[in-house]
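Report on the structure
Each chain, letter by letter, is given below.
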Amino acid sequence: MSASVTPAPRKARPGSRAGALFVSPYVLFVLVVFAVPLVYTVWISFHRFYFTAPGTDVDSPWVGLSNYRDVLTDPVVGRAFLNIAVFLVINVPLTVVVSLVLATALNAKIRGRAFFRAAFYLPYVTASVALVAVWQFLFGSDGFVNHLLGSAAPDPSWLVNSHLAMPMIAVFVTWKQLGFFVMLYLAALQNVGGELYEAASVDGAGPVRQFFSVTVPGVRPATTLVVIYAIITGANLFSEPYLLTGGGGPDHASTSPVLLMYQKGIEQGHPDFAAALGVVLIAFVMVVSLVARKLSERGN
C-alpha cells in the first residue's frame, strides 16, 4: 500500500499579487466613498440625529423605526416617489427607443457620421446649469416655444404646470443623456455580425424587418444595461427639478426623493429623516432594477 502524498500548498503567482495591487485603489475608493457613508446613513436612520458644530457633543438616542414611520406617512414623500414613477415611465422607454434608433443610424456609413456622434454626445458632457438656461429659454413662460404656439401654449406654462413639469423634466434628461446611451449601443452594435444582416437580406427582410429581427435581439444585453442605468440615474434625480422648477414646484409636482432629502436634511435640519428616506430609496431602486432585469432576461 503506497503512502499518501500531501500536495504542496500553492504559491501565489506574482501576477495575482500585481492584480490585487492595481485593484486596491479602486476597492479603497469604493469603501471610502460608498460603503462607509452607506453604513453611517443606516445608523443615522435609526437615531435622532442633528448636525452640530465641530467639537460639540450631542446625544443621538435610538428611535428604532420612528424615522421610517415618518417617511412612509409623509404625503410629500409619496408624491416624490409618484413623480419618479412618472419620470421613469417616460424617460426609460424614450431613452431606449431613441438611443437605439440613433445608434443604428450612426452605425451606418453616412456622411458626417463623426460630427453627428459628437453632436449627440455634447449635451451629456455639458454642465447642467448651461443646458437648463437653454431649456428655460425654450420652455419658460415667455420662452421661444410659447411665442411660436401663441394662444395654443399651455397655461400655466410648461415648467410651472403641475401636470407638465415632471414630463418636461423627463424629456430634458432624455435629451441630455442621450449621447451616453447612443455610445453604449454603438459599442454593442460592433458585436452584431454583418453576416446576420446579409442572411436577413437574402430572406427578403427590409431595413425595418432587419432592425427588429437582427439589431434588437443582437443588442439585448446592452438594452438591459441601458434600462438599469437609466432607472438608477432617474431615481437619483436632483439638479434638474432643483434648477428647472425652482426646487420641486409647483406644489411638489416635480419634487424627487433626492431633492426632498436635501430639503429635509440640509435646509430643514432633519438628517435622520433624510437618512431613512435614502435607505427607502435604495430599496426602491434595487426592487425596480431587479424587476427590469428579470423582464429583460425573460425576453432572452
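Residues numbered from 1 in each chain as written. Predicted model: local features only at pLDDT ≥ 70, side-chain atom pairs only at ≥ 80, totals over all residues. Heavy atoms only, no water.

Things to note about the overall build of the chain
Our working definition: Helical segments are the DSSP runs of H or I of at least four residues, strand segments are the runs of E of at least two, and each set is numbered from the N terminus. Radius of gyration: C-alpha atoms only; globule rule: 2.2 Å multiplied by the number of residues to the exponent 0.38. Residue contacts are counted whenever heavy atoms from the two residues lie within 4.5 Å of one another. We get accessible surface area from the Shrake-Rupley algorithm with a probe of 1.4 Å; when it comes to residues, only the shown protein chains can shield them.
Helices and strands together make up the secondary structure of the chain, namely 13 helices and 0 strands. Starting at the N terminus and ending at the C terminus, the chain contains elements arranged as α-α-α-α-α-α-α-α-α-α-α-α-α. Expected size for 300 residues packed as a compact globule is a radius of gyration near 19 Å; at 25 Å, the chain overshoots this value by more than 25%. For the chain, the share of sequence-separated contacts (at least 6 apart) that also reach a separation of at least 24 residues comes to 65%. For the chain, the exposed surface amounts to about 17,900 Å²; the carbon and sulfur share of it is 68%.

Here's the deal with the packing of aromatic side chains
Put simply, the test is: Each Phe, Tyr or Trp ring, with Trp reduced to its six-membered ring, pairs with another whose centre is within 6.5 Å; inter-plane angles below 30 degrees give stacked pairs, above 60 give edge-to-face pairs, and intermediate values give tilted ones. Buried residues are those whose accessible area, probed at 1.4 Å on protein chains only, stays under 20% of the maximum for their type, while exposed residues exceed 50% and partly exposed ones sit between those limits. Lysine and arginine charges are scored as sitting over a ring when NZ or CZ, respectively, is within 6 Å of the ring centre and within 35 degrees of the ring normal.
For the coordinates displayed, the defined rule picks out 25 aromatic pairs. Both rings, one in Trp-43 and one in Phe-49, keep their centres 6.3 Å apart while their planes meet at 85°; by these two values the pair is edge-to-face. Residue classification places Phe-49 among the buried residues on the basis of a relative accessible area of 11%. Ring pairing ties together the aromatic residues Tyr-121, Tyr-124, Phe-180, Phe-181 and Tyr-229, which thus form one cluster. Positioned above the aromatic ring of Phe-273, the side-chain terminus of Lys-264 is 5.1 Å from the ring centre.

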